[in-house]
Each structure stands twice: as structure tokens, then as C-alpha cells.
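Each chain, letter by letter, is given below.
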Amino acid sequence: MSFKTKDVVLSEDRPKTLLLQKHSDFLASYGVNKDDYEYCMTEYLRMSGIYWSLTAMELMDQSSRMPKEEIIAFISSCQDSESGGLSASNGHDPHMLYTLSAVQVLAMYDRLDAIDTEGVVRFVTSMQQEDGSFIGDKWGEVDTRFSFCAVMCLSLLHRLDAINVSKAVDFVLSCMNFDGGFGSKPGSESHAGLIYCCVGTLSICKRMDALKCDELAWWLCERQLPSGGLNGRPEKLPDLCYSWWVMSSLSMLNRIHWVDKKNLEQYILACQDAETGGFSDRPGDITDPFHTLFGLAGLSLLGNSSIKRVNPTYCMPQETIDRLKLEPQILYV
Amino acid sequence: MHGRVKVRTSEEEKARKEKERQEKLKHFKYAMLKIFTKRKNIEQDQEQLDLTGKVLTSNPDIYTLWNIRREVLTILSKTSDSEKNVSKLYDSELSLTEYCLKINPKSYCSWHQREWVLTTRSDPDWKKELALCDTYLKLDERNFHTWDYRRFVVSQCKPPLQEEFDFTTEKIYDNFSNYSAWHYRSKMLLELYPDLKGGRPIQDNHHKHELKMVQSAAFTDPDDTSAWFYQRWLLGAVKATVQVVAFIVTPRKTTIAWNKCVSIDYVNNNINVYINNNIINGKWIPCNAHEYDDLWILEHNEEINNNIDIKIEHTQIDEEKEIINCKQYEPCVYVGKSKINFQNQYSEPVVQELTEQLDACRQLLVLEPDNKWTLLTTTVFLHCINAKLYHKEVIENLQILKDLDSLRAGYYNDLITKWNIEQQLPSDYQDDSLHYKSGSKEKLTSLPHFQYYSYCKTVDLSNQDLTSMTLPFLIKLQHCKELDLSGNKLTTLKEFPNLQLEVLNLQDNSNLSSEDIELFKEKHKTIKVIF
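Each chain carries its own residue numbering, running from 1 in the direction its sequence is written. A letter from A marks each chain and a number from 1 marks each ligand, given out in the order of writing. Per-residue local features are limited, in this predicted model, to residues with pLDDT of at least 70; the limit for side-chain atom pairs, both in listing and counting, is 80 or more; totals at the level of whole chains, interfaces and linings are taken over all residues. Side-chain measures were taken over the full set of non-hydrogen atoms in the model, leaving aside hydrogen atoms and water.

1. Things to note about the domain arrangement of chain B
Residues and elements named next belong to chain B.
So, step 1. How far each domain reaches was decided by an automatic or database domain assignment. Under the domain assignment, chain B is made up of domain 1 (244-337) and domain 2 (426-530).
So, step 2. Here the C-alpha centre of domain 2 lies 24 Å away from the C-alpha centre of domain 1.
So, step 3. Facing the 21 residues of domain 1 at the interface are 17 residues of domain 2.
So, step 4. Overall, the association of domain 1 and domain 2 removes approximately 1,700 Å² of surface from exposure, summing both partners, and the carbon and sulfur fraction of that is 56%.
So, step 5. A pairing counts as a salt bridge when a side-chain nitrogen of Lys or Arg comes within 4 Å of a carboxyl oxygen of Asp or Glu. Summed over the shared surface of domain 1 and domain 2, the result is three salt bridges.
So, step 6. Polar contacts here mean pairs of N or O atoms no more than 3.5 Å apart (in protein, one a potential hydrogen donor and the other a potential acceptor; neighbouring residues in sequence count only if both atoms are side-chain atoms). Seen at the junction of domain 1 and domain 2, the total is nine residue pairs in polar contact (both at pLDDT 80 or more).
So, step 7. A run of DSSP states H or I qualifies as a helix once it reaches four residues; a run of E qualifies as a strand once it reaches two. Both are numbered from the N-terminal end. Among the secondary structure elements, those contributing two or more residues to the side of domain 1 that touches domain 2 are β1 (244-249), β2 (254-263), β6 (292-299), β9 (327-330) and β10 (333-337).
So, step 8. Here the term charged refers only to Asp, Glu, Lys and Arg, the term nonpolar to Ala, Val, Leu, Ile, Met, Phe, Trp, Tyr, Cys and Pro, and the term polar to all other amino acids, Gly among them. Considering only residue class, the side of domain 1 that touches domain 2 consists of 11 nonpolar, three polar and seven charged. Contact criterion: two residues are considered in contact whenever any of their non-hydrogen atoms come within 4.5 Å of each other. As a working definition, buried area equals the accessible area (1.4 Å probe) given up by two parts on being put together, with both sides summed.

This is the structure we're talking about:
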């Protein structure tokens, strides 16, 4: 059987420096033309789009380029008065994913007063199931992503007491696998994105002790490929967003030095598009706000001093987390 | 946007494409507006299904449209005149999801819709669903959505587990690097052959069989990582029973160190502290301020004099009582230590299998001395078979791995540190000294297991490779009075924990600024800082 490591090769003419101005321009112009095809076709995740762009701008200290009042008014208009949850955009249905994004954006703006936060608490609480898991909306899809959305959202509102935290933790732990990682539900394969969600949940609930930390951190550091980039599962291609999912998890586990920071930085920088601005999943692909945030946040974890410090649990500026007096757990074992 | 390559096109081509897109967009906007208007007017009919279906076939992730369809389907199935028509309705919904999954096999919404249909309709055909999973896993053997869906189907139609187990065997022999199949196999094994006696993850006879399977996979191509992760699981995963490792009583402070984190409830319910045969009452405080900790501090009002009898009683999970007696080390200082052992325990047949595989690995290593996975596996085998006997070779191998697999040098450094500390701890626990100093020539890069050294009064961590990241771990040194951190790689003292130190040596940390030191002194006035 022939076998080759799946990876990419970084070309010599790749970007090697951080193009902050380009990225700020890219995000500032994103969505200015409301008839842009890509923009319209991604309406169903607009709320998260705003979170990605704003957080990226905050990390670059450029958030003044975002239309603050317009965003806040938009978020208010997306709250469903009946359930209390928020939707991705007008006309769409409330969902955990977008409820979290909305709360994160308002927390960064220090404008949580713009929505009915008790309604949000009601919505999130109503999503918890008997076994401690969370569903995404009333249609019943269970996923550890929604557990993370729930505890992050409530902790930002200082209302973690509204749910059964210990059951929420037990459910997440029931998703732990032979390799120490986590999947989307019990029995699901480990995946770096879901590992971030589960480790993040435990970090907020201060139950990091329950992790098999050395096994998990080893699996995570084995995601690094010769190009310096990280993949999300064994035998997969690298993708820039995993520099966030993997590195934030390793940060919470206090083992960020188990990957080669210099090589990873090279890979992240190579994912920039020097013409359009923004970051893409792999060098040479089309850029988008999602990868732009995770590229910048990844660099922040690596200690890049021209980017503000990011909190590994919340993926928000550390200054916001400090202002809210939140102390997600970092493991010291 | 994942995996979309940026293509350079001519201006002309660009303009043509943009025109095409604007046309598409016009249709899209019109359809969305119509759908939302119909929804508002509660028009739950076939037309709504057609409209939403059409949009979803090109964009299956618009979650609200699936919600609308579920609303419509619920109504239509209730008002339908025959079972047959209801069945037809759901069949066509399944066809739609199948179509959408062809466009995007990773569409969460489409998969969930399929689950919803199958659990909502009264006549689900689970066999057909299982066959569908087979087909999809042939197209992409690693799609975790398909695997999840398979597990869902299996949970509903409950085929014999052995069949699922055999399916993983088949998948693995198709391609050894199918990590998803190895993963599923681990779940099946735990269901089929759990080790009820505890200790190993699975029953011994299967353990050996699995190790053999890993070997055939790994030897086919040592660079194929899937099997190696599976092997590490087989070799590790010993269920450690909760054990008290050390207990320290001084007039100022009483602490108890555990081999793993336990909760306040556990400590309250399972620990009794006796002084001269009287139970001491007090409040337990976690050293890290979290709910679970491996070092607990007891606040009590007892007077601690010389020559008193102190012991603790630990009621274990199986109701066995473990008694740890304390010995007076110094005036008014009592320490109790357990027998500790970090060696993994395996049954005789498994050890035999490991030894045979070790030989095979060594042979392979002669042919390919630079293969990381072979060297790492050899090293893990050595450590598992007899950590003490092979310690020197293990550490030498890890040093080589630092070069061979330099991306993960930080991991190997920490592993060297951990295994060196595990090597030293049992002998330190036989001594009556209140002093710690690393006995290995490799410098420490981290401070694992340091709750075991919570009883030490003087701790010499000089001339190691400790960075400021490791400072929070020092919180475990609850009884330390003199701490030597000279000659390390500290850059800041911001994360230095609150300890009742008398002397702290910070000399020769060249990146530590004098401002940092001054700030530290200001904050910790009672500590004599040597700098």
C-alpha cells in the first residue's frame, strides 16, 4: 500500500509578513455591497459572520471601522420574543449558534442591554435535555457544539446557574474517546473543532481535571504537518482554522509548546492573500472572514505582539474577558 | 470557505460570471421572499415544499428552510387521505436529502433532516439506511457525518454488535489508515469485551489480538499514523484507582496529596484524620481553588505537638480501608507517604506479546533507523514492559526523537521530564528527607506530579529549563520554605502563585527584568528574594 502524508508545500513567493492593513480593508469592505453574491448567499449565517469580522477587527484594534450602531440594531431585530433566542438574520429561526454569536458581539461592544438577556437565558435553558446535552433549536439536533454555545453564552451573561452544569459536564465527558479527544455526540470520532468545544466547555465549567490531558495533548500536537500547518483529524489536509481549534485547546491544556510555533506561524502567514487581504484555509485558496479571524487569533496565541491577546476559551479579546471578570480554567496538571 | 482554489480569469470571463451570478441571485432573492411570505401567511402546501426544495438543492445549509419543510410535512402528513401518500411524502423528502448530500456530503442540516424523517414516519426502513451508509462510506471512508449517521441507524435497528465489529475489521483491512474505523472499533470492543475486573480497557485475550492487528497494520506502512494511536490506547488507559499519596501535618497547615483529582464530596466522605485516635474535624480547601483537585488543605484548630500519633484512613471505592501512618520528620512536622508505583501492570500473555513486538520493532529499526514511529513505539514498549529496567534507553530514544521529529520537541522534552520524575519518586518516597532535587541529568521542562512533593520544605529547581509557563504549578509546594529557581528560563513572575516561602532564589534568569523582581518583592513582602 502506498502512503503519503497529506500536506501542502509552501511556495517561496508566499506572504511572510503580517499584512494587517490588508486584512482590515478586507473586513471593512465585506458586506458594504449588500448585493454581493457571496454576501447574500451566506445570509443564513450572518450573525456568526458579524462575530468573525468584529472579533478579527477587535484583535487588530480596528473595530471602529465596523458599523457599530447598525450591527447592534440588527442584532436586536434578530431576537425572537417568544423563545428568547436569536436567529442568523431577519426571517430566519432562532438557533444556539447565532444566539451565542449575538451575545459575543454585544459583550465585545459592552451593549448586552440591546437585547432581552433574560430571554436568552430562557432560550438556552430550554435547550438542555434530560441527559445534560443541548439541542441547537427546537428540532432536536444534539451536538457538543451546542453544549459549548450554552455554557459560553450563559457565562458571558453571568447566568451559568440557570442550567444543570454538572449534567452538562457529564454529557460532554460521555463523548470522550480512546484517544482522549471528543466528537459531536457520544460515539463520534475525535475532531479538533469539537475538541475545542468540549475542552472549552470544561474550561468554563472548571472541570478540566476530567480530561486525559497528556493523551489528548499528544493527539493534538500530532496534528502538525511538515508544512507547519495543522489538520483536524489524522490523515487529513491542513486547514488554517485548525491553528485555532488545536492551539486554543493546547493553550487551555497549558501545552502550547508541544507544537513548533515558528513553522505554524509560517503556515498561517502563507494563508494570507496579498491582493485581496484576508486569510484562507490553505495557501492559494479564496479568503473569507471565518479564516481571517482564526488566522489572526492563532497568531495571537503564538504571541504575535501586533495583535491583541485573545482568550483561548472564548475566542474573544482578553480585555473583554477581563472586563467581564471571567476566569475560564487553564489546566495545571 | 473550504478548499476553494482562487483561479485567475480574464476581465471578460469575470464580467460574464458576475452577470451569471447576478441572475442567480435575482432568482434566489425572489424565491426567499416568496417562501417567507408564504410562511407568514401560513400557506403550508406542496408549493412551499417545491420552493424550499429548489433553493436547498443548491444551498443545503439554509437551516430555516428545513425547519419550514418540517412544519409543512407535519401538517401535510396529518391531513393526507392515505397512508400511502404520507409514505410518498417522506420518501421524496429522503430523496431530497440524498440529493443535497451529493452536493455537500458534510451538510449538518441534510443529515439531521434525514434523521428527523426516519424517526417521524411510522414505516422507517432501517436496513435501507444501513445500506446507504455502506455506499456513502465507500465514496468517502472518513466522512464523520456518515459514521455518525451509521451509529444513529445502528442505535435504532440494533443489528448484532458483532456485525458492526466485523464491519470495522473489513474497513481497516481495506485501508489501514482509516482512522474512523479504528475509532469505531474501540467503541465496539468496549461494548463487546469490556474488562470487568478494571485495569485494562478490554479483556486480555482480545487485547493481545488487537495488538497483533496493529502490528500488521503498522508494519505495512510505519508512516501511517492511525494504527499507532490505537496502539497507544491499548497500551495505556489503565483505570487508576484513587490513592492518597502523601499527607503532611504541621502546626500551620495540613495537606493531603492524591494521585488524581478528587472532589470535595469525595474528600469529605472518604477521609478521616486521626490525632491520638480522635477524629479531627475541619474544612477541606482545594489548593487550586477549583471543585476538583489533587491537593487538599485541611483547616482545623487542633494543636500539633511533638510525639503525637497521626494517621489517616481512606475508604476506597470498593469499601477497602487504606491506612496511612504519619512519621515525625522534624519538630511538629509529620509526614505520611504511601507506596507508589508508576509501572503499568499487564497480564503475562500481554507482556509476552509486547516483548515479541518489541523484538520485531527493534529489527525494523535496524532497517529504518530514522523512522519516527518505529522508534517511538519501541520506546513506548520499553517503558510499558519495564520502565525502571529500560529507563536509560527510553530517555536516549526520546532524545533522538527530539531531532527526528523536531516539530514535537516540546512534547518529547516534557515526556523525558515526566518519566524522569516517575523514576525518581518511588525512591524519594522511601527516604525521610524534606528536600527535593532532581536527580536526572536532563533538565526539567515542566513540573508534573508535583503534588507528590507537596511535603518538601526545601525545593531545589536550580539550573533546569523551566519557563514562566510552569510557575502556576508551584502552587503544589504548599509546605516549601526555601525555593531555588536560579538558572532557569523565567521571563516574568506574573503567574507566580501565593506561597508561604521564606527564601526564593531567582538568580541567573537572564530574561527577568529588575522591575519584575521589584514588583514581585512589593507583592510578597515576607519572602527574601535572592537575585
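The structure having been displayed, the exposition proceeds.
2. Notes on the packing of helix α13 (residues 348-367) of chain B against helix α14 (residues 372-386) of chain B
When two helices pack together, their arrangement is given by the angle between the helix axes and the distance between those axes.
Residue and element names in this part refer to chain B.
So, step 1. Orientation is described by lines fitted to C-alpha atoms, with helices fitted over the stretch in contact, and by angles between N-to-C directions that extend from 0 to 180 degrees. It is at 9 Å that the axes of α13 and α14 come closest, and there the two elements cross at 150°. Viewed along their axes, α13 and α14 adopt a mutual orientation that is roughly antiparallel. Like other packed secondary-structure pairs, α13 and α14 cross with a definite hand, here left-handed. Residue-level inspection shows Leu354, Thr355, Gln357, Leu358, Cys361, Arg362, Leu364 and Leu365 of α13 in contact with α14, the latter providing Thr374, Leu375, Thr377, Thr378, Phe381, Leu382, Cys384 and Ile385. Here roughly perpendicular refers to angles of 65 to 115 degrees, roughly parallel to angles under 35, roughly antiparallel to angles over 145, and oblique to all remaining angles. Should the near helix be turned anticlockwise from the far one by less than a right angle, the crossing is termed left-handed; should it be turned clockwise, right-handed.

3. Regarding the environment of Ser486(B)
All names here are of chain B.
So, step 1. Of note, Ser486 is situated in the loop between β13 (482-484) and β14 (503-505).
So, step 2. Only protein chains enter the calculation, and the probe is 1.4 Å; a residue is then buried if its accessible area is under 20% of its type maximum, exposed if over 50%, and partly exposed in between. You can call Ser486 buried: its relative accessible area is 10%.
So, step 3. With 118 residues separating them along the chain, Ser486 and Glu368 place their C-alpha atoms 42 Å apart.
So, step 4. In contact with Ser486, other than residues within four places in its own chain, are Leu461, Ser462, Asn463, Asn505, Leu506, Gln507 and Asn509.

4. Thoughts on the sheet that holds strand β7 (residues 310-315) of chain B
All names here are of chain B.
So, step 1. On the basis of which strands lie adjacent, the open sheet formed by four strands has the order β4-β3-β7-β8 and antiparallel pairing. The open sheet has two free edges, formed respectively by β4 (278-279) and β8 (321-325), since each of these has just one partner strand.
So, step 2. One ladder, built from five bridges, connects strand β3 (residues 271-275) with β7; its direction is antiparallel. By the bridge assignment for β7, Tyr274 is matched with Lys311. At least two bridges found by DSSP between two strands are what make those strands a pair.

5. What about the nonpolar core?
All names here are of chain A.
So, step 1. Among the buried residues, those of types Ala, Val, Leu, Ile, Met, Phe, Trp, Tyr and Cys that are joined through side-chain atoms within 4.5 Å form a nonpolar core. Grouped together as the largest cluster of nonpolar side chains are 209 residues, with contacts concentrated most on Ile75 and Leu156.
So, step 2. Considering each element in turn, this core owes the most residues, 10 residues, to helix α5 (residues 96-109).
So, step 3. Residues contacting Leu156, with those up to four places away along its chain left out, are Leu100, Val103, Gln104, Ala107, Leu112, Tyr314, Met316, Leu324 and Leu326.

6. A closer look at the sheet that holds β10(B)
All names here are of chain B.
So, step 1. Taken together, the six strands give an open sheet; going across it, the order is β5-β6-β2-β1-β10-β9, and neighbouring strands pair in antiparallel fashion. Two strands lie at the open edges of the sheet, namely β5 (283-286) and β9, each paired on one side alone. Neighbour to neighbour, the strand axes of the sheet diverge by 30° on average, direction disregarded.
So, step 2. Across five bridges, β1 lies against β2 in antiparallel orientation. Its bridge partner being in β2, Val249 is matched across the sheet by Thr254.

7. Topic: the interface of chain A and chain B
So, step 1. Residue-level contacts link 73 residues of chain A with 69 residues of chain B.
So, step 2. Both sides of the chain A and chain B interface together cover about 6,800 Å² of buried area, and 55% of this is carbon and sulfur.
So, step 3. The largest share of the area that chain A buries against chain B comes from Trp139(A), Phe178(A) and Trp218(A), three residues that together contribute 14% of it.
So, step 4. Linking chain A to chain B there are 10 salt bridges.
So, step 5. We note a salt bridge from Glu222(A) to Lys372(B), for which the minimum N-O separation is 2.6 Å.
So, step 6. Where chain A touches chain B, the interface holds 43 residue pairs in polar contact (both at pLDDT 80 or more).
So, step 7. Put simply, the parts of the chain that give the side of chain A that touches chain B at least two residues each are α2 (37-41), α10 (213-221) and α13 (289-301) of chain A.
So, step 8. Residue classes in the side of chain A that touches chain B are distributed as 25 nonpolar, 19 polar and 29 charged.

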